[in-house]
Amino acid sequence: MGGVGTVSCLDCDFAQEVTSFTHGGRSSNTGVQCQACGQFTSIFYTRPTLNVSDGYDHNKTLSELVTEDWPVRIGKLLGHLDFYQEMMNEPGRAGERSGWLAKIDEARRELSAVPTEQIQALELKHQAEKAADDAQYDCECGGRRVNKKPLFCPSCRSIKLQYKVRYMT
Ligand SMILES: [Zn+2]
Ligand SMILES: [Zn+2]
């Protein structure tokens with residue numbers, strides 16, 4: 001389900017426009033409903049550390065990228081390291097290990113251009129951005145917001161809700 005639409009209640013006259021799910025280039029917007037008070041709202045993510053410049057090419061290595069794109073590339077390399085290191089522990093796949101080791105080596109070599117402090121600072125930023133996004137799921141009423149489709153009418157609590165998409169994104 002994606003797009004902007006209207007939620008209306010079949011048992012009362014409640015109607016509200018909601019954004020169910022829209023993606024912008026550098027951010028995304030998700031429609032959520034508080035499970036406790038029923039309020040519909042949109043949460044808006046931005047992840048500055050995941051921003052890339054217009055010329056970004058995910059095949060380019062750090063030395064070929066402008067520094068503003070480094071955080072994304074570094075994040076990707078760290079992801080590779082985690083992934084392949086985990087694969088190394090998979091039983092019964094010894095034949096593939098030399099390939100994984102080569103990938104690990106490659107990622108380590110590329111990352112060696114980056115000071116450890118910079119990597120640590122980036123990881124902290126990632127965590128802070130994630131926590132900020134997560135905090136948006138907490139409603140002022142103390143309830144928790146969910147991003148499934150509308151669950152109940154905030155006004156009469158009926159579950160007979162209709163969702164009409166006005167346009168898709
Ligand atoms: Zn609430
Ligand atoms: Zn209602």
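Look above for the structure.
Report on the accompanying structure. All residue numbers here refer to positions counted from 1 along the written sequence of the relevant chain. Here the convention is simple: chains get letters from A, ligands get numbers from 1, in the order in which they are written. Reporting in this predicted model follows two pLDDT cut-offs: at least 70 for local features of residues, and 80 or more for side-chain atom pairs to be given and counted; totals over whole chains, interfaces and linings ignore these cut-offs and use all residues.

## With respect to the environment of Q162
Moving on, step 1. Position of Q162 relative to the elements: it lies in strand β6 (residues 161–167).
Moving on, step 2. Sequence separation of Q162 and T6 is 156 residues, and the distance between their C-alpha atoms is 8.0 Å. In DSSP terms, a helix is any run of H or I states spanning at least four residues, a strand is any run of E spanning at least two, and both are numbered starting from the N terminus.

## Observations concerning the packing of helix α1 (residues 70–88) against helix α2 (residues 97–111)
Describing two packed helices takes the angle between their axes plus the distance from one axis to the other.
Moving on, step 1. What counts as an axis is a line fitted to C-alpha atoms, over the stretch in contact for a helix, and the angles between N-to-C directions run from 0 to 180 degrees. One can describe the packing of α1 onto α2 by two numbers: an axis separation of 9 Å at closest approach and a directional angle of 150°. Considered as vectors, α1 and α2 are oriented roughly antiparallel to each other. The chirality of how α1 crosses α2 is left-handed. Judged by residue contacts, I74, L77, H80, L81, Y84, Q85, M87 and M88 of α1 engage R97, W100, K103, I104, A107, E110 and L111 from α2.
Moving on, step 2. Looking at the contact of α1 with α2 residue by residue, the class counts come to ten nonpolar, two polar and three charged. The labels follow the angle: roughly parallel below 35 degrees, roughly antiparallel above 145, roughly perpendicular from 65 to 115, and oblique for the rest. By convention the crossing between two helices is left-handed if the near helix lies anticlockwise of the far one by an angle smaller than a right angle, and right-handed if it lies clockwise. We call two residues in contact if the C-beta atoms placed from their backbones are at most 7 Å apart. Classification used: nonpolar for Ala, Val, Leu, Ile, Met, Phe, Trp, Tyr, Cys and Pro, charged for Asp, Glu, Lys and Arg, polar for all others including Gly.

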